[in-house]
Amino acid sequence: MLKPYFELRQQFETGKESVVDTINELLKEIDNKKDLNAFITLTSELAKKQAVISQENFDSGKPRTLEGMVLAIKDNISTKDIRTTCASKMLENYIPIYNATSVQKLVDAGAIIIGKTNMDEFAMGSSNENSYFGNVLNPLNKEYVPGGSSGGSAAAVSAGLCHVSLGSETGGSVRQPASFTGIFGYKPSYGRISRFGLVAFASSLDQIGIFCNNLVDLSSVCDIITGVDENDSTSANLGPTRSSSKIENIYKNLRIGYVSDEVLNNCTDYVTKKYRSDLNKLKEEGHELIEIPIHYSEAWIPTYYIIATAEASSNLARFDGVRFGFRPELNEGDNIYVKTRSNGFGMEVKRRIMLGTYVLSSGFYDAYYRKAQQVRRKITDSYKSTFDKVDMVYMPTTPGSAFKFGSRNENPIKMYKADFYTASANLAGVPAINIPSGLDDEGMPFGMQIQCNNFEDEKMIGYANYISKLINS
Ligand code: GLN
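Residue numbers restart at each chain and count upward from 1, following the sequence in its written direction. Where local features are concerned, this predicted model is filtered to residues with pLDDT of at least 70; where side-chain atom pairs are given and counted, the filter is 80 or more; whole-chain, interface and lining totals use all residues. Hydrogens and water molecules were not included; the side-chain quantities draw on all heavy atoms of the structure.

## Notes on the site of the ligand
Here is step 1 of the chain: Near residues are defined by distance, with any heavy atom within 4 Å of the molecule or strand qualifying the residue. As a matter of local geometry, the ligand sits amid 15 residues, with Thr170, Gly171, Ser173, Tyr304 and Arg352 nearest to it.
Here is step 2 of the chain: Between Gly171 and the ligand, the recorded distance is 2.6 Å, taken from a backbone N or O atom to an oxygen atom.
Here is step 3 of the chain: Any pair of N or O atoms that falls within 3.5 Å is considered a polar contact. Within protein, one atom must be able to donate a hydrogen and the other to accept it, and sequence-neighbouring residues count only if both atoms are side-chain atoms. A distance of 2.9 Å separates a nitrogen atom of the ligand from a polar side-chain atom of Asp419.
Here is step 4 of the chain: Only the protein chains shown count as covering a residue, and every accessible area follows the Shrake-Rupley method with a 1.4 Å probe. Its free accessible area being 290 Å², the ligand has 100% of it covered by the protein chains.
Here is step 5 of the chain: Residues are grouped as follows: Ala, Val, Leu, Ile, Met, Phe, Trp, Tyr, Cys and Pro are nonpolar; Asp, Glu, Lys and Arg are charged; all remaining types, including Gly, are polar. Residues belonging to the shell around the ligand are distributed by class as follows: five nonpolar, seven polar and three charged.

## Considering the environment of Lys414
Here is step 1 of the chain: Per the convention used, a helix needs a DSSP run of H or I reaching at least four residues, while a strand needs a run of E reaching at least two, with both numbered from the N terminus. For Lys414, the location among the structural elements is in helix 14 (residues 412-416).
Here is step 2 of the chain: A sequence separation of 284 residues divides Lys414 from Asn130, and the C-alpha atoms of the two residues are 15 Å apart.
Here is step 3 of the chain: Residue contacts are counted whenever heavy atoms from the two residues lie within 4.5 Å of one another. Those residues within four positions of Lys414 in sequence are excluded, and the remaining contacts are Ser407 and Arg408.

## What to know about the side chain of Asp75
Here is step 1 of the chain: Within the fold, Asp75 resides in the loop between strand 2 (70-74) and helix 4 (101-108).
Here is step 2 of the chain: Each residue's exposure class comes from its accessible area (1.4 Å probe, protein chains only) as a fraction of the maximum for that residue type: buried when under 20%, exposed when over 50%, partly exposed otherwise. Judged by relative accessible area, which is 0%, Asp75 ranks as buried.
Here is step 3 of the chain: Within the local environment of Asp75, its side chain forms a polar contact with the side chain of Lys116, the two groups lying 3.0 Å apart.
Here is step 4 of the chain: For Asp75, the residues in contact, after removing those within four places along its chain, are Ile40, Arg83, Thr84, Thr85, Cys86, Lys116, Thr117 and Met119.

## Overview of the packing of helix 2 (residues 19-32) against helix 3 (residues 44-59)
Here is step 1 of the chain: What counts as an axis is a line fitted to C-alpha atoms, over the stretch in contact for a helix, and the angles between N-to-C directions run from 0 to 180 degrees. Axis separation between helix 2 and helix 3 bottoms out at 8 Å; the angle between their running directions is 155°. When the axis of helix 2 is compared with that of helix 3, the two are roughly antiparallel. Like other packed secondary-structure pairs, helix 2 and helix 3 cross with a definite hand, here right-handed. Here Val19, Val20, Ile23, Asn24 and Leu27 of helix 2 come into contact with helix 3, specifically with Ser44, Ala47, Lys48, Ala51, Val52, Ser54, Gln55 and Phe58.
Here is step 2 of the chain: Here the residues of the contact of helix 2 with helix 3 are counted per class, giving eight nonpolar, four polar and one charged. Our angle categories are set so that under 35 degrees counts as roughly parallel, over 145 as roughly antiparallel, 65 to 115 as roughly perpendicular, and the remainder as oblique. Here a crossing is taken to be left-handed if its near helix is turned anticlockwise relative to the far helix by less than a right angle, and right-handed if that turn runs clockwise.

## Brief notes about the pairing of strand 4 (residues 164-169)
Here is step 1 of the chain: Counting buried residues along strand 4, six of its six residues qualify, which places the element largely inside the surrounding structure.
Here is step 2 of the chain: Of the two faces of strand 4, both are covered, the one formed by Val164, Leu166 and Ser168 as well as the one formed by Ser165, Gly167 and Glu169.
Here is step 3 of the chain: For strand 2 and strand 4, the ladder comprises three bridges, and the chain directions are parallel. Pairing of Ile73 across the sheet is with Leu166, part of strand 4. One bridge is not enough; two strands pair if DSSP finds at least two bridges between them.

## So, a nonpolar patch on the surface
Here is step 1 of the chain: Patches here are clusters of residues that have more than 30% relative accessible area and form no salt bridge, with a 9 Å joining cutoff for like charges and a 5 Å cutoff for nonpolar side chains (Val, Leu, Ile, Met, Phe, Trp, Tyr). A pair is scored as a salt bridge if a Lys or Arg side-chain nitrogen falls within 4 Å of a carboxyl oxygen belonging to Asp or Glu. Taken together, the side chains of Tyr358, Phe364 and Tyr368 make up a nonpolar region of the molecular surface, amounting to roughly 270 Å² of accessible area.
Here is step 2 of the chain: Structurally, the position occupied by Tyr358 is in helix 12 (residues 347-360).
Here is step 3 of the chain: A relative accessible area of 38% means that Tyr358 is categorised as partly exposed.

## Observations concerning the environment of Glu7
Here is step 1 of the chain: Residue position: Glu7 is located in helix 1 (residues 5-14).
Here is step 2 of the chain: Judged by relative accessible area, which is 36%, Glu7 ranks as partly exposed.
Here is step 3 of the chain: Along the chain, Glu7 and Ser401 lie 394 residues apart, while their C-alpha atoms are 30 Å from each other.

## Observations concerning the sheet that holds strand 3 (residues 112-117)
Here is step 1 of the chain: Strand order in the open sheet made by the 11 strands is 1-3-2-4-6-5-10-11-9-7-8, with mixed pairing throughout. At either end of the open sheet lies a strand with only one pairing partner, and these are strand 1 (39-42) and strand 8 (288-291). Pairs of neighbouring strands in the sheet enclose a mean axial angle of 30°, with direction left out of account.
Here is step 2 of the chain: Relative to strand 3, strand 2 runs parallel, the two being bridged by five bridges. When the bridges of strand 3 are listed, Ala72 appears paired with Gly115.
Here is step 3 of the chain: Set on the sheet, helix 2 makes contact with strand 1, strand 2 and strand 3; between it and strand 3 the angle comes to about 15°.
Here is step 4 of the chain: Here helix 3 sits on the sheet and contacts strand 1 and strand 3; the angle it forms with strand 3, its principal contact strand, is near 160°.

Okay, here's the thing in structure tokens:
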């Protein structure tokens, strides 16, 4: 099993382990587990070359901050000269000419890209059943979904195929699959990590996030990729986080916000039970528990799906068969736009574009889109006043553990409800992180999340490390 990077690094430094051998063994392991379908593209040759450079840097005593860390990247994040498909037929052969800022920073710090991970097409989905390249299987039980839309990135970490992976979050696509595969999944404050090079789904909600099975490595990556970026005008004018220095803090007298029974109504019994027992442990440690009046929780999902689809319909208009993407064979009289998009997009993407176009159309704009914007403001305000009273909100990440393939496909609304606990943080722009919390009767994991005030990412990662040790002890 792949050791955490922080452990392996010491062995790289003392020469007990070699980067080249590590990469070769991992490539074998990836091949053994290829039925998981976690990767769309493997960058084996590139990784082997990088491993030689990393080894030389260790040998000469000059390793960079993340030298030899093995990294997988969701396939909607641009990688120079490496195919970036968004799991869509539309971009099946698209090769970017530049790296996303986060990718460039990681490569500069010595991380080795092992491959591009499978995902729901254009990051739309909660189960990874919407990929043009087929389903990703949950490594803990292959009959179950790994969650979505960053299912490949979550599965790759959970199966020990890389140290860390990047995903993207628009409404929960990092936290939800992290919960279903038993790992940590961090969604930053809006603007904390540059979106430059992330293929846009819903720009006012999208953020790149990080998966890892330990918070030491997660925080090292966070400290590298956060910070203002002149290529992303929505990036916050802040330097990189210093979360690694907070990671071992012991916290006293925290004010922890918990949600009411009404909000827990959507949960399975085992999640509710574990949630209550986690809260009890926190109370026994002397922390103050404060019930938070979360207003508008019934509006989280509708508001998210109106705003996300509206922005998606506009963002995806660029895939027209002329400037970007797949071009079908055309016969005389064919409409290129119609034929490209009918053939190039999968069903869920088409559904989102239709929904988004509808809520933006002149007859319905006021009733849906404008209303959703107003409700989004209320949700954001309600978070603001909550964080006047508490240091963090603690609540379930997902209503239950992973579900079986095919069990929610016939009813999209049922699928959309998988995002019930995650979408609100994206609407409000606040940071949030999944921590593995418990197992259901069949041994499948589920997580709880911590949410903090805007730009309190560093503190939040420290809280997460502290609470995760406490609730899993
Ligand atoms: N499951 C949500 C959706 O399908 C979230 C997606 C995401 O965060 N990228 O829209």
